[in-house]
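# Per-entry structural report
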Amino acid sequence: MSTLLKVNDIHVYYGKIHAVKGVSFEVGQGEIVSLIGANGAGKSTALKTISGLLHPKQGSIEFMGKDITKLEPNKIVRLGLAQVPEGRRVFAHMSVMENIEMGAYILGRIPEEAVEDVFSRFPRLKERSRQEAGTLSGGEQQMLAMARALMSKPKLIMMDEPSMGLSPILVEQIFSIIAELRQSGATILLVEQNANKALKITDRAYVLETGRITLSGSGRELLESEDVKKAYLGG
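Basis of the calculations
- Residues numbered from 1 in each chain as written.
- Predicted model: local features only at pLDDT ≥ 70, side-chain atom pairs only at ≥ 80, totals over all residues.
- Heavy atoms only, no water.
- Helix = DSSP H or I, 4+ residues; strand = E, 2+ residues; numbered from the N terminus.
- Rg over C-alpha atoms; globule rule 2.2 N^0.38 Å.
- Buried < 20%, exposed > 50% of the residue type's maximum accessible area, 1.4 Å probe, protein only.
- Contact = heavy atoms within 4.5 Å.
- Areas by Shrake-Rupley, 256 points an atom, 1.4 Å probe, with all protein chains shown as cover.
- Lys, Arg positive; Asp, Glu negative; His and termini not counted.
- Charge placed at Lys NZ, Arg CZ, Asp CG, Glu CD.
- Core = buried A, V, L, I, M, F, W, Y, C linked by side-chain atoms within 4.5 Å.
- Pairing = 2+ DSSP bridges.
- Axes fitted to C-alpha atoms, helices over the stretch in contact; angles between N-to-C directions.
- pLDDT = per-residue confidence, 0-100.
- 1 Å grid on protein atoms, 1.4 Å probe; cavity = no way out; pocket = protein on both sides within 12 Å on 5 of 7 lines; lining within 4 Å.
- Points joined across faces, edges and corners; volume = space filled by probe spheres on them.
- Nonpolar A, V, L, I, M, F, W, Y, C, P; charged D, E, K, R; others polar.
- Arc of directions from axis to C-beta.
- Polar contact = N/O pair within 3.5 Å; in protein donor to acceptor, adjacent residues only side chain to side chain.

## Section: the overall build of the chain
Looking only at helices and strands, the chain has ten helices and ten strands in total. In terms of C-alpha radius of gyration, the chain reaches 17 Å, essentially the compact-globule figure of 18 Å for 235 residues. Dimensions of the chain, computed from the C-alpha atoms along their principal axes, are close to 45 × 40 × 35 Å. By the burial criterion, 49% of the 235 residues in the chain qualify as buried. Across the chain, the fraction of contacts at a sequence separation of at least 24, relative to all contacts at a separation of at least 6, is 66%. In the form shown here, the chain has an accessible surface area of approximately 11200 Å², with 48% of it arising from carbon and sulfur atoms. In the chain, which carries 29 positive and 27 negative side-chain charges, the distance between the mean positions of the two groups comes to 4 Å.

## As for the nonpolar core
Core analysis: the biggest nonpolar cluster contains 45 residues, and F122, L125, M146, M159 and I178 have the highest contact counts within it. Once residues lying within four places of it in the same chain are set aside, the contact partners of I178 are I32, M146, M159, P162, I188, L190 and I201. Formed by 28 residues, the second largest nonpolar core is a distinct cluster that contains V12, A46, I68 and L189.

## Quick notes on the sheet that holds strand 1 (residues 3–14)
Taking strand neighbours across the sheet as the criterion, the four strands line up as 2-1-4-5 in an open arrangement whose pairing is antiparallel. Two strands in the sheet have a free side with no partner beyond their single neighbour: strand 2 (17–28) and strand 5 (66–67). By the bridge criterion, nine bridges tie strand 1 to strand 2 in an arrangement that is antiparallel. Bridge pairing in strand 2 links L5 to V27. Sheet strands in contact with helix 1 (residues 43–50) are strand 1, strand 2 and strand 4 (58–63), and its direction is about 115 degrees off that of strand 1.

## Describing the confidence of the model for the chain
Scored by pLDDT, the chain has a mean of 89; 97% of the residues are at 70 or more. Per-element mean pLDDT across the chain ranges from 81 in helix 10 (residues 226–232) up to 97 in strand 4.

## A few points about the layout of surface pockets
Estimated volume of the largest pocket: approximately 720 Å³. Taken together, 21 residues form the lining of the largest pocket, with V77, A82, Q83, P85 and R148 sitting closest to its centre. Where the lining of the largest pocket is concerned, the elements lending two or more residues are helix 2 (73–79), strand 6 (81–84) and helix 6 (138–150). Its residues assigned to classes, the lining of the largest pocket comprises eleven nonpolar, five polar and five charged.

## Some points on the sheet that holds strand 3 (residues 32–36)
Spatial strand order, 6-7-8-3-9-10: six strands in an open sheet with mixed pairing. Two strands lie at the open edges of the sheet, namely strand 6 and strand 10 (212–218), each paired on one side alone. Put simply, the sheet's adjacent strands are angled 15 degrees from each other on average, direction ignored. Bridge analysis of strand 3 against strand 8 (residues 188–192) gives five bridges, and the strand direction is parallel. Within strand 8, the residue paired with S34 across the bridge is L190. Relative to the sheet, helix 7 (residues 168–183) contacts strand 3, strand 7 (156–160) and strand 8, its axis offset from that of strand 8 by approximately 160 degrees.

## Here's the deal with the pairing of strand 4
Pairing of strand 1 with strand 4 involves five bridges; the strand directions are antiparallel. Following the sheet pairing, K6 is matched in strand 4 by E62. As paired elements, strand 4 and strand 5 share two bridges and run antiparallel to each other. Bridging across to strand 5, E62 finds its partner in D67.

## Focus: helix 4 (residues 112–121)
Within helix 4, the full set of buried residues consists of A114, V115, V118 and F119. Within helix 4, the buried residues cover an arc of 130 degrees as seen down the axis, which keeps them to one side. Of the exposed residues in helix 4, the ones pointing more than 90 degrees away from its buried face are E112, E116 and S120. Buried residues in helix 4 make contact with helix 3 (96–102), helix 5 (123–127) and helix 6.

## Description of the environment of E192
Summarising the element assignment, E192 is placed in strand 8. The exposure class assigned to E192 is buried, which follows from its relative accessible area of 1%. Once the C-alpha coordinates of E192 and G22 are considered, the two residues, 170 residues apart in sequence, prove to be 20 Å apart. In this structure the side chain of E192 is engaged in a polar contact, spanning 2.7 Å, whose partner is the side chain of S163. From its side chain, E192 meets the backbone nitrogen of N194 in a polar contact 3.0 Å long.

What follows is the structure, encoded as structure tokens:
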């Protein structure tokens, strides 16, 4: 299994606040790797740093063997790394179809096969293709954010809290879709507060606490960890 993403000893600050403290991890091709932890642990900051929205003061990030530590976000996207942001961030006054097409902007064209693929994965979006994105339910907006990311044909998809604010039924649907994406060959880096759901579908996971990785292992190992059960699973 080849390594797609390698994060090495990154330190990230917000002003004087040391948000990420020496975090290192890898994502192999075809894996789901999860970062779990409480709100404010540094998970989303790590994703923003990988995608180029933030830059580390120390450490390095490699994607497909290329150093992307100081690259701008648009150049990182062009290399094949897409992010599904926390809070969906759909273009509310644009149609569902226009939002989906925005995901292919960097390609300079709208690949018909990619449109067909996202509509086959998300039939509800096809039914609402002309509807304004802002009128969709929270679950539908999350599906739209995922569909938009898939349009760029990414080699790695980063998902930031995809289940946040959704009903239990919709949470089940979103995690089923993530598992299906992996089965079709996608590589996913998942940030998620719902540790129970994330660990059940993940290959490997890392626990972040106050900006540091405190535990790592397979999804099954962490599900069975007494420390993880007490802190995140209500055990």
